[in-house]
Amino acid sequence: MAHVLMLDSGVGGLSVLDDVRALLPAIDITYVADNAGFPYGTKTEMEVATRVCALLGRLTERLRPDLLVIACNTASTIALAHARAVLDVPVVGTVPAIKPAAERSISRVIGVLGTHATVRQPYVDRLSAQHAGDCTVLRYGSARLVELAEAYLRGAAVSAADVAPELAALHDQPGGERIDQIVLACTHFPLLLSQLQAAAPGIGFVDGGPGIARRVAVLLAQNGQAGNGRGRALFTGPMAEPEIEVDLLRGALHRYGLELEHP
């Protein structure tokens, strides 16, 4: 029976969970939202690396998963190597899907939309050089989209007009009018895919969720076919929302096959 632990600072990692669950419906998943450390995208590299590695260490000791998924681009680009060095279970990270975006681009101009912490990482430079060397790669860090995704999952209305200014920050850069593919380099952002598509018709949006799911399947091998398909969600800090919003969140988590165990 396979047990996978997934970590994000909030609910963004649910977009990754959706892809993993679609490919491996039998595995048991514990989804951990580190709301006590939310958001990661505005923290320093040292803060993120220290927090993520310490938290994963405690969770691994307590929950004994077979595999860990860091379902957060910011945490992965900063802390993935550290986590793999100190933990004795396989760790799958989430990295910007620059390679598939470059493979699909006709104009050879792609955008990378992530958090402030992700888009400034040297890792993004390396991915761009390796997989999009003949492309112009434009970047923008958006904390606003993270907030909108969190609110949307809790039942708030989010429209194309709400996300349009974040896309404009890419398109308004020199050469941005030629962007034909945008990398959603934050796991929160696919939760707003329909709004993003409505705000930018004709643009392709690419995220790393399907690739992560395939990697998890390879590492689990036959164990990935065994289990009861159970899912639970844990939060690292108290729920600050009013009770009505907690109920909405509980309902949203249930749609992803998760039972809220905290509070």
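I will try to describe carefully the structure that is included in this document.

### A closer look at the overall build of the protein chain
1) Next: Secondary structure summary: the protein chain contains 11 helices and 10 strands in total.
2) Next: Its C-alpha radius of gyration of 18 Å places the protein chain within 12% of the 18 Å reference for a compact globule of 263 residues.
3) Next: Expressed along its principal axes, the backbone C-alpha trace of the protein chain runs to roughly 50 × 40 × 35 Å.
4) Next: Buried positions account for 54% of the 263 residues belonging to the protein chain.
5) Next: A sequence separation of at least 24 residues applies to 76% of the contacts in the protein chain between residues at least 6 apart.
6) Next: Per element, the accessible surface of the protein chain, about 11200 Å² overall, is 53% carbon and sulfur.
7) Next: Of the side chains in the protein chain, 22 bear a positive and 27 a negative charge, and the two mean positions are spaced by 5 Å.

### Some words on the pattern of salt bridges
1) Next: Inspection of every chain in the model, using the stated rule, returns 8 salt bridges.
2) Next: Notably, a salt bridge pairs Asp125 with Arg139, separated by 2.2 Å at the nearest N-O pair. Linking Asp125 in helix H6 (residues 122-131) with Arg139 in strand E6 (residues 136-141), this pair joins segments that are 14 residues apart in sequence.
3) Next: Under the relative-accessibility criterion, Arg139 is labelled partly exposed at 24%.
4) Next: For Arg144, the salt bridge goes to Glu147, with nearest N and O atoms at 3.4 Å. Here Arg144 pairs with Glu147, and both are found in helix H7 (residues 144-153), just 3 residues apart, close to one helical turn.
5) Next: Arg144 sits in the partly exposed class, given a relative accessible area of 40%.
6) Next: A residue is classified by how much of its surface remains accessible, and Glu147, at 45% relative accessible area, is partly exposed.

### Here we look at the sheet that holds strand E8 (residues 204-206)
1) Next: In space, the 4 strands of this open sheet follow the order E6-E5-E7-E8, with parallel pairing throughout. Strands with a single pairing partner mark the edges of an open sheet, and in this sheet they are E6 and E8. Along the sheet, successive strands turn relative to each other by an average axial angle of 25°, direction set aside.
2) Next: Pairing of strand E5 (residues 109-114) with strand E7 (residues 181-185), which is carried by 5 bridges, proceeds in the parallel orientation. Opposite Gly114, over in E7, you have Ala185 as the bridge partner.

### Structural notes on the pairing of strand E9 (residues 231-235)
1) Next: Among the 5 residues in E9, 4 count as buried, and that is most of the element.
2) Next: Looking at chain direction, strand E2 (residues 28-33) and E9 are connected through 5 bridges and run parallel. Residue pairing in the sheet places Ile29 in a bridge with Gly231 of E9.
3) Next: Examined bridge by bridge, E9 and strand E10 (residues 259-260) share 2 bridges and lie parallel to one another. When the sheet's bridge partners are listed, Arg232 is paired in E10 with Glu259.

### Here we look at the environment of Ala75
1) Next: Within the secondary structure layout, Ala75 lies in helix H3 (residues 73-86).
2) Next: Classification of Ala75 by relative accessible area gives buried; the value is 1%.
3) Next: Along the chain, Ala75 and Leu7 lie 68 residues apart, while their C-alpha atoms are 9.3 Å from each other.
4) Next: Leave out the neighbours within four places in its chain, and Ala75 touches Tyr40, Val48, Val52, Ile70 and Leu80.

### A word on the side chain of Gln121
1) Next: Along the chain, the position of Gln121 falls in the loop between helix H5 (116-119) and H6.
2) Next: On the basis of relative accessibility, which here comes to 6%, the residue Gln121 falls in the buried class.
3) Next: Side-chain polar atoms of Gln121 contact the side chain of Glu45, separated by 2.7 Å.
4) Next: Beyond its immediate stretch of four places on either side in the chain, Gln121 contacts Glu45, Thr77, Ile78 and Arg139.

### Considering H7
1) Next: The complete set of buried residues in H7 reads Leu145, Val146, Leu148, Ala149, Glu150 and Leu153.
2) Next: Positive phi shows up at Gly155, right after H7, with a value of about 100°.

### Re the sheet that holds strand E3 (residues 67-70)
1) Next: Judged by pairing direction, the sheet is parallel, and its 6 strands sit side by side in the order E4-E3-E1-E2-E9-E10 without closing on themselves. In this open sheet, the two edge strands, each paired with only one partner strand, are strand E4 (91-92) and E10.
2) Next: Taken strand by strand, helix H2 (residues 45-63) contacts strand E1 (3-8), E2, E3 and E9, and its axis lies near 155° from that of E1.

Parameters and conventions
- Every chain's residues receive numbers from 1 upward, in the order its sequence appears when written.
- This being a predicted model, a pLDDT of at least 70 is required before a residue's local features are given, and a value of 80 or more before pairs of side-chain atoms are given or counted; all residues contribute to the totals for chains, interfaces and linings.
- Hydrogens and water are ignored here; the side-chain numbers use all heavy atoms of the structure.
- A run of H or I in DSSP counts as a helix once it spans at least four residues, and a run of E counts as a strand once it spans at least two, with each numbered from the N terminus.
- It is over C-alpha atoms that the radius of gyration is taken, and the globule rule equals 2.2 Å times the number of residues to the power 0.38.
- Only protein chains enter the accessibility calculation, which uses a 1.4 Å probe. A residue is then buried if its area is under 20% of the maximum for its type, exposed if over 50%, and partly exposed in between.
- Note on contacts: a residue pair qualifies if any of its non-hydrogen atoms lie within 4.5 Å across the two residues.
- The accessible surface values rely on the Shrake-Rupley method and a 1.4 Å probe; as for residues, cover is taken only from the protein chains in view.
- Counting rule applied: Lys, Arg positive; Asp, Glu negative; His and chain ends not counted.
- Charge placement uses NZ in Lys and CZ in Arg. For Asp and Glu, CG and CD serve respectively.
- Take a side-chain nitrogen of Lys or Arg and a carboxyl oxygen of Asp or Glu: if they are within 4 Å of each other, that pair is a salt bridge.
- At least two DSSP bridges between two strands are required for those strands to pair.
- Here, axes are lines fitted to C-alpha atoms. For helices the fit covers the stretch in contact, and angles between N-to-C directions go from 0 to 180 degrees.
- Two N or O atoms count as a polar contact when they lie within 3.5 Å, although within protein this holds only if one can serve as hydrogen donor and the other as acceptor, and sequence-adjacent residues are included solely when both atoms are side-chain atoms.

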